[in-house]
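In case you want the letters, here they are:
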Amino acid sequence: APLTSQDVDRIAAALIPRILSRDTPINIAALQVDDLLRYEPGTSLSVVWHLMASRRIPVNLEQQIQSDEPLPW
């Protein structure tokens, strides 16, 4: 089933601090949030890309973004 805006907000609330304040790879942070909130694996990772596209997570577009690495600054 598609995610609701409430789902995205809930995931974002748990995900953004993990991505912005740690050296945790994006995919690991997303899996942690999936486990924490009991979503299917991969759900939070798709929300990461949505948050980047909607500029809710700041990204440096001059650097390649890899899901198995921390967010580049």
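Residues numbered from 1 in each chain as written. Predicted model: local features only at pLDDT ≥ 70, side-chain atom pairs only at ≥ 80, totals over all residues. Heavy atoms only, no water.

### Structural notes on helix H1 (residues 5-21)
Note on helix geometry: an α-helix contains 3.6 residues per turn, so any two residues three or four positions apart are oriented the same way. The condition that has to hold: To qualify as a helix, a DSSP run of H or I must reach at least 4 residues; to qualify as a strand, a run of E must reach at least 2; elements of each kind are numbered from the N terminus. Expected span of a helix: the number of residues minus one, times 1.5 Å. We define the bend at each residue as the angle formed by axes fitted to the 7 residues ending at it and the 7 residues starting at it. Each residue's exposure class comes from its accessible area (1.4 Å probe, protein chains only) as a fraction of the maximum for that residue type: buried when under 20%, exposed when over 50%, partly exposed otherwise. Between two residues, a contact is recorded if the distance between any of their heavy atoms is within 4.5 Å.
Here H1 contains 17 residues, and its C-alpha end-to-end distance of 24 Å stays within 8% of the 24 Å for a straight helix at 1.5 Å per residue. When the local axis directions of H1 are compared, the greatest deviation, roughly 30°, occurs at Leu15, which is followed within four positions by the proline Pro17. Where H1 is concerned, the buried positions are Asp7, Val8, Ile11, Ala12, Ala14, Leu15, Ile16, Arg18 and Ile19. Against helix H2 (26-37) and helix H3 (43-53) lie the buried residues of H1.

### Examining the pattern of salt bridges
What counts is decided by this rule: We define a salt bridge as a contact between a side-chain nitrogen of Lys or Arg and a carboxyl oxygen of Asp or Glu at a distance within 4 Å.
One pass over the structure, following the stated rule, counts one salt bridge. Between Arg56 and Asp9 there is a salt bridge whose closest N-O contact spans 3.3 Å. Of this pair, Arg56 sits in the segment after H3 while Asp9 sits in helix H1; the two residues are 47 residues apart in sequence, bridging distant segments of the chain. According to the relative accessible area criterion, Arg56 is partly exposed, its value standing at 39%.

### Thoughts on the packing of H2 against H3
Let me state the cut-off plainly: To define axes, lines are fitted to C-alpha atoms, for helices over the stretch in contact only, and angles between the resulting N-to-C directions are given on a 0 to 180 degree scale. When describing relative orientation, an angle under 35 degrees is termed roughly parallel and one over 145 degrees roughly antiparallel, while 65 to 115 degrees is termed roughly perpendicular and anything else oblique. Crossing handedness: left-handed means the near helix sits turned counterclockwise from the far one by under a right angle, and right-handed means the same turn made clockwise. Amino acid classes used here: Ala, Val, Leu, Ile, Met, Phe, Trp, Tyr, Cys and Pro are nonpolar; Asp, Glu, Lys and Arg are charged; the rest, including Gly, are polar.
Close contact between H2 and H3 brings their axes to 7 Å; oriented N to C, the two are set at 120°. Accordingly, the angle class assigned to the pair H2 and H3 is oblique. Crossing geometry of H2 relative to H3 is assigned as right-handed. Residues Ile26, Asn27, Ala30, Val33 and Asp34 of H2 pack against Thr43, Ser44, Leu45, Val48 and Met52 of H3. Split into classes, the residues belonging to the contact of H2 with H3 amount to six nonpolar, three polar and one charged.

### So, the nonpolar core
Inclusion rule: Definition used in this section: a nonpolar core is a set of buried Ala, Val, Leu, Ile, Met, Phe, Trp, Tyr and Cys residues joined via side-chain atoms within 4.5 Å.
Residues Ile11, Leu15, Ile19, Leu51 and Ile57 are the most contacted members of the largest nonpolar core, which totals 19 residues. Only H1, H2 and H3 provide two or more residues apiece to this core. Looking at this core, the element that brings in the most residues is H1, giving seven residues.

### Notes on the side chain of Arg18
Threshold: Counting rule applied: Lys, Arg positive; Asp, Glu negative; His and chain ends not counted. What qualifies as a polar contact is a pair of N or O atoms within 3.5 Å, subject to a donor-acceptor requirement within protein and to the restriction that residues adjacent in sequence count only when both atoms come from side chains.
Relative to the assigned elements, Arg18 resides in helix H1. The side chain of Arg18 sits in the buried core without any salt bridge; Asp35 is the nearest counter-charge, 9.6 Å away. Within the local environment of Arg18, its side chain forms a polar contact with the side chain of Gln32, the two groups lying 3.4 Å apart.

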